[in-house]
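Tertiary structure, described
Each chain, letter by letter, is given below.
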Amino acid sequence: LPEPGTVEFKDVTFGYPGAEAPVLSGISFTAKPGQTTAIIGSTGAGKTTLLNLIPRLYDATEGEILIGGVPLKELGREAISRNISAVPQRPYLFSGTIASNLRFGAQDASDEELWEALDIAQSTDFVTEREGQLESTISQGGTNVSGGQRQRLCIARALAAKPMTYLFDDSFSALDVNTDAKLRAALAEPTKDAAVIIVAQRVSTITEADQILVLDHGEIVARGTHEELLESSETYQEIVTS
Ligand code: DCP
Ligand code: MG
């Protein structure tokens, strides 16, 4: 059996209910623990759709997705939410305290563990400055924090759950270059044994990935490291220079 946390797509096709054409076709790849798999492609290519199939927001129309060698459908909801943390493209905070937002998926986390997650997510400063700190209140939808702060709190929430698989959907886009770099460096240690899948718009953020999948109109048109793709893929070259 593959290692726990391994994500395998086997010839996956997916179409939204009622739509004529599939949004994803013939998707096959393996995301291994200890590695970063990046997915890049233009808007509408199907990146978010692909990620959303992993925690079963939707089910594949054809083909199979396995986690640690077990088909998703046999794994059960509870195991899926325990093992996978997803930071969605539009990160969402609930009305409630920062602590309760961070404990979504990590009910047993101590305050100390929450502060550790906040530290990695470059959020210690702004949480410390808020009255009540961990107990300070987030309004519905997180409108009383900035977009970048919301993004970082959702990253901290994902870290607090200590999953085997991390899904980041364009999760670093609202951060300035400096914070982005610090956060990514800090993520290396806590995610070192996990399978990490990162969707990105900017190539600059994924050049170090172990494998990059280039998605175009719902198909993987090229794959490899940054250096390999610069040589082999015109689509990748276009993304790099755009
Ligand atoms: N789509 C749909 N119904 C939804 C979501 C998406 O019909 N509920 C369609 C719109 C696109 C295609 O599926 O044609 C792929 O959408 P994605 O959101 O998966 O695309 P990306 O994530 O790649 O785009 P972006 O980079 O803009 O986030
Ligand atoms: Mg998307």
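For the structure, check the block above.
Values in this document were obtained by computation on a predicted structure and should not be read as measured data. (Residues numbered from 1 in each chain as written. Chains lettered and ligands numbered in written order. Predicted model: local features only at pLDDT ≥ 70, side-chain atom pairs only at ≥ 80, totals over all residues. Heavy atoms only, no water.)

With respect to the coordination of the magnesium ion (ligand 2)
Ideal geometry at a metal centre gives angles of 109.5 degrees when four donors are arranged tetrahedrally and 90 or 180 degrees when six donors are arranged octahedrally. The protein atoms donating to the magnesium ion (ligand 2) are Thr48 (OG1) and Gln89 (OE1), with metal-donor distances spanning 2.0 to 2.3 Å. Separated by 41 residues along the polypeptide, Thr48 in helix H1 (residues 47–53) and Gln89 in the loop between strand S6 (84–87) and strand S7 (96–97) bring together distant segments of the chain. (Donors = N, O, S within 2.8 Å, 3.2 Å for Na, K, Ca; no water. Helix = DSSP H or I, 4+ residues; strand = E, 2+ residues; numbered from the N terminus.)

Some details on the packing of helix H5 (residues 111–120) against helix H7 (residues 147–160)
Where H5 meets H7, the closest approach of the two axes is 8 Å, and the angle between their N-to-C directions is 130 degrees. Between H5 and H7, the interaxial angle falls into the category oblique. Where H5 crosses over H7, the handedness of that crossing is right-handed. In this structure, H5 contributes Leu114, Ala117, Leu118 and Ile120 to the contact, and H7 contributes Leu153, Ala156, Leu159 and Ala160. Of the residues assigned to the contact of H5 with H7, the class counts are eight nonpolar, no polar and no charged. (Axes fitted to C-alpha atoms, helices over the stretch in contact; angles between N-to-C directions. Parallel < 35°, antiparallel > 145°, perpendicular 65-115°, else oblique. Left-handed = near helix turned anticlockwise from the far one by under 90°. Contact = heavy atoms within 4.5 Å. Nonpolar A, V, L, I, M, F, W, Y, C, P; charged D, E, K, R; others polar.)

Digging into the side chain of Asn83
Here Asn83 is to be found in helix H3 (residues 77–83). Residue classification places Asn83 among the buried positions, given a relative accessible area of 16%. Of note is the side chain of Asn83, whose polar atom sits 2.9 Å from the backbone oxygen of Ala79. Each residue touching Asn83, except ones within four places of it in the same chain, is listed here: Pro163, Met164 and Thr165. (Buried < 20%, exposed > 50% of the residue type's maximum accessible area, 1.4 Å probe, protein only. Polar contact = N/O pair within 3.5 Å; in protein donor to acceptor, adjacent residues only side chain to side chain.)

Side note on the site of ligand 1
In the neighbourhood of ligand 1, 13 residues make up the surrounding shell, with Thr43, Lys47, Thr49, Gln89 and Gln201 lying closest. Here an oxygen atom of ligand 1 sits 2.9 Å away from a polar atom, N or O, in the main chain of Gly44. Interatomic distance of 2.5 Å between a side-chain N/O atom of Thr49 and an oxygen atom of ligand 1. Of the residues contributing to the shell around ligand 1, the split by class is four nonpolar, eight polar and one charged. (Near = heavy atom within 4 Å.)

So, the layout of surface pockets
If you add up the space inside the largest pocket, you get close to 660 Å³. Along the wall of the largest pocket there are 24 residues; nearest its centre are Ser85, Ala86, Val87, Pro88 and Phe104. When contributions to the lining of the largest pocket are tallied by element, the ones reaching two or more residues are H1, H3, S6 and H7. Top contributing element to the lining of the largest pocket by residue count: S6, with four residues. When its residues are assigned to classes, the lining of the largest pocket shows 14 nonpolar, six polar and four charged. One number sums up the size of the second largest pocket: a volume of about 400 Å³. Taken together, 20 residues line the second largest pocket, and the ones lying closest to its centre are Thr36, Arg184, Ala188, Thr191 and Ile198. Listing elements by their share of the lining of the second largest pocket, those giving two or more residues are helix H8 (177–187) and strand S10 (195–200). Within the lining of the second largest pocket, the residues separate by chemical class into nine nonpolar, seven polar and four charged. (1 Å grid on protein atoms, 1.4 Å probe; cavity = no way out; pocket = protein on both sides within 12 Å on 5 of 7 lines; lining within 4 Å. Points joined across faces, edges and corners; volume = space filled by probe spheres on them.)

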